[in-house]
2 protein chains.
Amino acid sequence: MALRHAVLAALLDGEYSGYQLAKGFDIGVANFWHALPQQLYAELAKLEREGLVEGREVVQETRPNKRLFRVTAAGRAELEAFAEAPSKPSFIRDDLLVKVQAADRIGTTAVIEQLEERAVAAEAKIQLLGALLRQLRGDADEEEFLRRGERIGGYLTCLRGLTFEQEHRDWCRRIAGILRERQAGHVER
Amino acid sequence: MALRHAVLAALLDGEYSGYQLAKGFDIGVANFWHALPQQLYAELAKLEREGLVEGREVVQETRPNKRLFRVTAAGRAELEAFAEAPSKPSFIRDDLLVKVQAADRIGTTAVIEQLEERAVAAEAKIQLLGALLRQLRGDADEEEFLRRGERIGGYLTCLRGLTFEQEHRDWCRRIAGILRERQAGHVER
DNA sequence: AGAGTCATGTAAGCTGTTACATGATTCG
DNA sequence: CGAATCATGTAACAGCTTACATGACTCT
């Protein structure tokens, strides 16, 4: 299983609705898992049927009602079992890498553009993660926070996300530069 | 679509059978896409029905016969269209990150072990990719090769894989260290 | 007035994983 | 003699994406 554990981990921090998770999956937890709203609604319904989360209806006057979920004891046990089971290997799965792989055989112009767009997007995410990290650690410096902070899980995963995005940005810029120079050299077909 | 383009990109380098692709997906192309043999056989059959690849039977005496595939003109056109279409954003999707996220709420011992195993696996992959890169660029140094080499696509994607694995290894070691120290500090439940 | 946000879902289709099945050859 | 390699698939299931559907409220 997959998404279910990401959802359970996200819900350890408090109560969230499907909608809130769908938003939040773009920051915090989202560094390492993404999901569309539809999938989250479906997964929450399934987790509730299995008794791993509990939902309660929150009536709102000016907006549609929502259902907030929290992890049950059974859900926590499920997460613990998951943590002890072997992990599947991680890998990058990325359209752009496929395109770069083929870049010397097919046209490079579009690929260069996409690399540059990606670099910009990565930079934006770096800023976002930097702000999130500062916010999570508060006044403390990083070392101090990691030694004594209460909730460091999210911080640690954001650190991974940050270096990933930095490498991603640097690679995109470098490859775009290399391909551009090669275009300038031999005449582009 | 997804796997189909990774397969087409891999087949640009020459003729391969499903079995060979399944092996090769663990090196080269595999830095950014992985697939099980079953999926490759299915995808190759589909690509052939659609006329994007062509297979030819190679009769072998001492081993089972095999079918070697190469990309057709239509397949190349398909790849070119793919390269010009916008790419989906890339993200890490990793069980271990889910576990680290929850690590301060559930038991950490198993997670620390897995982080250390991962670091070892990452190190092995780093060695492998380093060797592959040296082999691809031959005698030339990297800058020279990237300026004038014929087939640099695979090299560029391996570079991405290499830094990814290095960051992955470093992160695993650092997080394992942090979690271990915290275990030593406050008594483990 | 139109776009965007809050809020939740269903249904269909595509992609990916796991289990099962076969059979000869080579290596230790 | 047993395990691994070469070589190809089928079938069932799980997971993910895309399209469709609804409806009130808020901001420009």
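Conventions and cut-offs
- Residues numbered from 1 in each chain as written.
- Chains lettered and ligands numbered in written order.
- Predicted model: local features only at pLDDT ≥ 70, side-chain atom pairs only at ≥ 80, totals over all residues.
- Heavy atoms only, no water.
- Helix = DSSP H or I, 4+ residues; strand = E, 2+ residues; numbered from the N terminus.
- Rg over C-alpha atoms; globule rule 2.2 N^0.38 Å.
- Buried < 20%, exposed > 50% of the residue type's maximum accessible area, 1.4 Å probe, protein only.
- Contact = heavy atoms within 4.5 Å.
- Areas by Shrake-Rupley, 256 points an atom, 1.4 Å probe, with all protein chains shown as cover.
- Salt bridge = Lys/Arg side-chain N within 4 Å of Asp/Glu carboxyl O.
- Axes fitted to C-alpha atoms, helices over the stretch in contact; angles between N-to-C directions.
- Parallel < 35°, antiparallel > 145°, perpendicular 65-115°, else oblique.
- Left-handed = near helix turned anticlockwise from the far one by under 90°.
- Least-squares fit on C-alpha atoms with pLDDT ≥ 70 in both.
- Phe/Tyr/Trp six-rings, centres within 6.5 Å; stacked < 30°, edge-to-face > 60°.
- Lys NZ or Arg CZ within 6 Å of the ring centre and 35° of its normal.
- UniProt positions renumbered as here; feature names shortened; annotations may be inferred.
- Polar contact = N/O pair within 3.5 Å; in protein donor to acceptor, adjacent residues only side chain to side chain.
- Nonpolar A, V, L, I, M, F, W, Y, C, P; charged D, E, K, R; others polar.
- Core = buried A, V, L, I, M, F, W, Y, C linked by side-chain atoms within 4.5 Å.

(A) The overall build of chain A, seen in detail. The helix and strand tally for chain A stands at eight helices and two strands. Listed by position from the N terminus, the elements making up chain A come as α-α-α-β-β-α-α-α-α-α. Since a compact globule built from 189 residues should have a radius of gyration of about 16 Å, the 21 Å found for chain A marks it as more spread out than a globular shape. Dimensions of chain A, computed from C-alpha atoms along their principal axes, come out at roughly 65 × 45 × 40 Å. Out of the 189 residues belonging to chain A, those deemed buried represent 48%. In chain A, the share of contacts with a sequence separation of at least 24, taken over all contacts with a separation of at least 6, comes to 58%. If you sum the accessible surface of chain A, you get close to 9600 Å²; carbon and sulfur atoms cover 52% of it.

(B) Main features of the pattern of salt bridges. In this structure the tally under the stated criterion is 36 salt bridges over all chains. E54 of chain A is the salt-bridge partner of R70 of chain A, the closest N and O atoms lying 2.8 Å from each other. Pair noted here: R70 of chain A is in strand β2 (residues 66–71) and E54 of chain A is in strand β1 (residues 53–58), with a separation of 16 residues, a long-range link. Judged by relative accessible area, R70 of chain A falls into the partly exposed class, the value being 39%. A salt bridge links R4 of chain B to E43 of chain B; the shortest N-O distance between them is 3.1 Å. With R4 of chain B in helix α1 (residues 3–11) and E43 of chain B in helix α3 (residues 37–49), this pair connects stretches of sequence that are 39 residues apart. Taking the relative accessible area as the measure of exposure, R4 of chain B reaches 4% and is therefore buried. Overall, the relative accessible area of 12% leaves E43 of chain B in the buried class. One connected set of salt bridges, linked through shared partners, spans E123, R169, D170 and R173 of chain A.

(C) Inspection of the packing of α1 of chain B against helix α4 (residues 73–84) of chain B at higher detail. Residue and element names in this part refer to chain B. Put simply, α1 and α4 touch, their axes get as near as 10 Å, and they point 120° apart. Between α1 and α4, the angle is such that the two are oblique. Here α1 and α4 pass one another in a crossing that is left-handed. Here R4, H5, L8 and A9 of α1 lie close against α4, whose contacting residues are G75, E78, L79 and F82.

(D) Structural view of the relation of the copies chain A and chain B. By a simple turn and slide, chain A fits onto chain B: the slide is 0.0 Å along the axis, the RMSD is 0.1 Å, and the turn is 180°. In symmetry terms, the pair is related by a two-fold rotation axis. Relative to the rotation axis, the closest C-alpha in chain A is found at I92 of chain A, a distance of 3.1 Å. A shared interface surface links the copies, since 100% of the contact residues of chain A are contact residues in chain B too.

(E) View of the packing of aromatic side chains. Counted according to the given criterion, the structure contains three aromatic pairs over all chains. The ring of F82 of chain B carries the charged tip of K99 of chain A above its face, separated from the ring centre by 4.8 Å.

(F) Looking closely at the UniProt feature "domain: Transcription regulator PadR C-terminal" (unreviewed entry) in chain A. UniProt records the feature "domain: Transcription regulator PadR C-terminal" (unreviewed entry) for residues 92–179 of chain A in the present numbering. Between the end C-alpha atoms of residues 92–179 of chain A the distance is 22 Å, and the span holds 81% helix and 0% strand.

(G) Layout of the interface of chain A and chain B. The interface is formed by 69 residues belonging to chain A together with 69 residues belonging to chain B. Of the charged contacts in the structure, one is a salt bridge between D13 of chain B and R105 of chain A, with a shortest N-O distance of 3.2 Å. Applying the counting criterion to the chain A and chain B interface returns 40 residue pairs in polar contact (both at pLDDT 80 or more). If you list the elements that add at least two residues to the side of chain A that touches chain B, you get α1 (3–11), α4 (73–84), α5 (95–102), α6 (109–137), α7 (142–148) and α8 (153–185) of chain A. Element by element, the count of residues in the side of chain A that touches chain B is highest for α8 of chain A, at 17 residues. Within the side of chain A that touches chain B, the residues separate by chemical class into 32 nonpolar, 15 polar and 22 charged.

(H) Quick peek at the environment of L21 of chain A. All names here are of chain A. By the element assignment, L21 lies in helix α2 (residues 18–24). You can call L21 buried: its relative accessible area is 4%. Expressed as a C-alpha distance, the spacing of L21 and A35, which sit 14 residues apart in the sequence, is 9.1 Å. With residues up to four places along the chain from it excluded, the contact list for L21 reads V7, A10, L11, Y16, L40 and L44.

(I) Structural detail: the environment of R151 of chain A. By the secondary structure assignment, R151 of chain A is in the loop between α7 and α8. Expressed as a C-alpha distance, the spacing of R151 of chain A and K99 of chain A, which sit 52 residues apart in the sequence, is 40 Å. For R151 of chain A, the residues in contact, after removing those within four places along its chain, are D13 and F145 of chain A together with D104 and R105 of chain B.

(J) Just the nonpolar core, in detail. Judged by nonpolar contacts, the single largest core of 110 residues is most densely connected at L115, L156 and L179 of chain A together with L115, L156 and L179 of chain B. Ignoring any residue separated from it by four or fewer positions in sequence, one finds L156 of chain B in contact with V100, W171, I175, I178 and L179 of chain A together with L146 of chain B.

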